[in-house]
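Here is how the chains run, residue by residue.
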Amino acid sequence: MKDDHAQRMLESLDNPIWFALTTEHRLLARSHGVARRYPPDVSPLAALLHPTNDAFADLQRLVSPGEHVALFTASSLDVPGNWQVDRSRWIDQMICEASLVSPPPVAPLSLGKTDVPEMLELTAVTEPGPFLPQTIEMGSYFGIRASDGRLVAMAGERLQTTAFAEISAVCTHPEFRGRGYARDLTTFLAAQILAAGKTPFLHVKSENRAKVVYQKIGFRLRAAICLTVISLR
């Protein structure tokens, strides 16, 4: 029975946005029928319980014309004709059941709402994925500052369910790459999540060289996930 439960929990990562918006992030959810989404200033992520035409009709009630929303699914989506597929690609979902390395000796700095303007500047330069004015509401974020005080690296938590927490927005300013900042931030966050009794996971492009770093930390490939960005025609 324990193994069955563990397997069901793992399978929840096939639809991680849905499980986040119906558990830990339910207070952030905008909902209609069997569709959920984050507020537009928090994240473009949205989810369906099952990708049926009725579910897409429910999602339509939550999306403005021309607005882009992104879904994570275990299979490629068959999108109804009133939706346009703006982007579709497979990405790797990795999980870490035990860290292979020790956290950095000096803990990164906790980032708060007063740091958001700098976080937006950093993510605009590095493009780690969507980071919006209220994305910080999704979890804890940490950063590293240069000697002159500039925020030069950051990472944080995005999707969160009862059993899993996603590490996201891992980025380093181009001038400060090669110093291990991304590794240190990811290692620190993974240790924090594991200590809280959850399993860290993340999504990464298959061709991204950061995968090697994640593997050394203890992440393993769990599944290929289809990222689909859609908008209403």
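Attention in this report is confined to the structure presented alongside it.

Examining the overall build of the chain
The helix and strand tally for the chain stands at 6 helices and 11 strands. Taken against the 2.2 N^0.38 rule, which gives 17 Å for 233 residues, the C-alpha radius of gyration of the chain at 18 Å falls within 12% of a compact globule. The principal-axis extents of the C-alpha atoms in the chain amount to approximately 50 × 45 × 35 Å. Counting only residues that meet the buried cut, the chain has 50% of its 233 residues in that class. Relative to all contacts within the chain whose residues are 6 or more apart in sequence, the contacts with residues 24 or more apart total 71%.

Thoughts on the side chain of R37
Mapped onto the elements of the fold, R37 is located in strand β2 (residues 35-37). A distance of 2.7 Å separates polar atoms of two side chains, one belonging to R37 and the other to E67. Once residues lying within four places of it in the same chain are set aside, the contact partners of R37 are L21, L28, A29, R30, S43, L45, A46, L62, V63, E67 and V69.

Topic: the nonpolar core
In terms of nonpolar packing, the biggest core is built from 23 residues, with I167, Y214 and F219 touching the most fellow members. Put simply, the parts of the chain that give this core at least two residues each are β7 (141-145), β8 (151-160), β9 (164-172), α5 (181-195), β10 (199-204) and α6 (210-217). In terms of residues, this core owes the most to one element, α5, which gives 6 residues. L28, A70, F164 and L227 belong to the second largest nonpolar core, which has 22 residues in total.

Notes on α6
Looking at α6, one finds that the buried residues are K211, Y214 and I217. Angularly, the buried residues of α6 cover 115° about the axis, an arc narrow enough to put them on a single face. Check the buried side of α6 and you find it contacts β5 (83-95), β9, α5 and β10. Two residues or fewer after α6 comes G218, characterised by a positive phi angle close to 130°.

With respect to unusual backbone geometry
Here the phi dihedral of E127 falls at roughly 50°; this positive angle occurs in a residue that is not glycine. Looking at where E127 falls in the secondary structure, it is placed in the loop between α4 (116-126) and β7. In this model, A169 sits at a positive phi of 55°, which is unusual for a non-glycine residue. Position of A169 relative to the elements: it lies in strand β9. Given a relative accessible area of 7%, A169 falls into the buried group.

Points about the side chain of D115
Within the secondary structure layout, D115 lies in the loop between β6 (109-111) and α4. Within the local environment of D115, its side chain forms a polar contact with the backbone nitrogen of G112, the two atoms lying 2.8 Å apart. Of note is the side chain of D115, whose polar atom sits 3.0 Å from the side chain of R145.

Observations regarding the sheet that holds β2
Strand order in this open sheet of 3 strands is β1-β2-β3, and the pairing throughout is antiparallel. Of all the strands in the sheet, the pair left with one neighbour each is β1 (30-32) and β3 (46-48). Put simply, the sheet's adjacent strands are angled 15° from each other on average, direction ignored. In the sheet, β2 pairs with β3 via 3 bridges, with the strands oriented antiparallel. Within β3, the residue paired with R37 across the bridge is A46.

Considerations on the packing of α5 against α6
As a packed pair, α5 and α6 sit with axes 10 Å apart at the nearest point and diverge in direction by 40°. As judged from the angle between their axes, α5 and α6 are oblique. In this structure, α5 meets α6 at a crossing whose hand is right-handed. Facing α5, whose interface residues are R183, T186 and T187, α6 presents V213, Y214 and I217.

Criteria and thresholds
- Residues numbered from 1 in each chain as written.
- Predicted model: local features only at pLDDT ≥ 70, side-chain atom pairs only at ≥ 80, totals over all residues.
- Heavy atoms only, no water.
- Helix = DSSP H or I, 4+ residues; strand = E, 2+ residues; numbered from the N terminus.
- Rg over C-alpha atoms; globule rule 2.2 N^0.38 Å.
- Buried < 20%, exposed > 50% of the residue type's maximum accessible area, 1.4 Å probe, protein only.
- Contact = heavy atoms within 4.5 Å.
- Polar contact = N/O pair within 3.5 Å; in protein donor to acceptor, adjacent residues only side chain to side chain.
- Core = buried A, V, L, I, M, F, W, Y, C linked by side-chain atoms within 4.5 Å.
- Arc of directions from axis to C-beta.
- Pairing = 2+ DSSP bridges.
- Axes fitted to C-alpha atoms, helices over the stretch in contact; angles between N-to-C directions.
- Parallel < 35°, antiparallel > 145°, perpendicular 65-115°, else oblique.
- Left-handed = near helix turned anticlockwise from the far one by under 90°.

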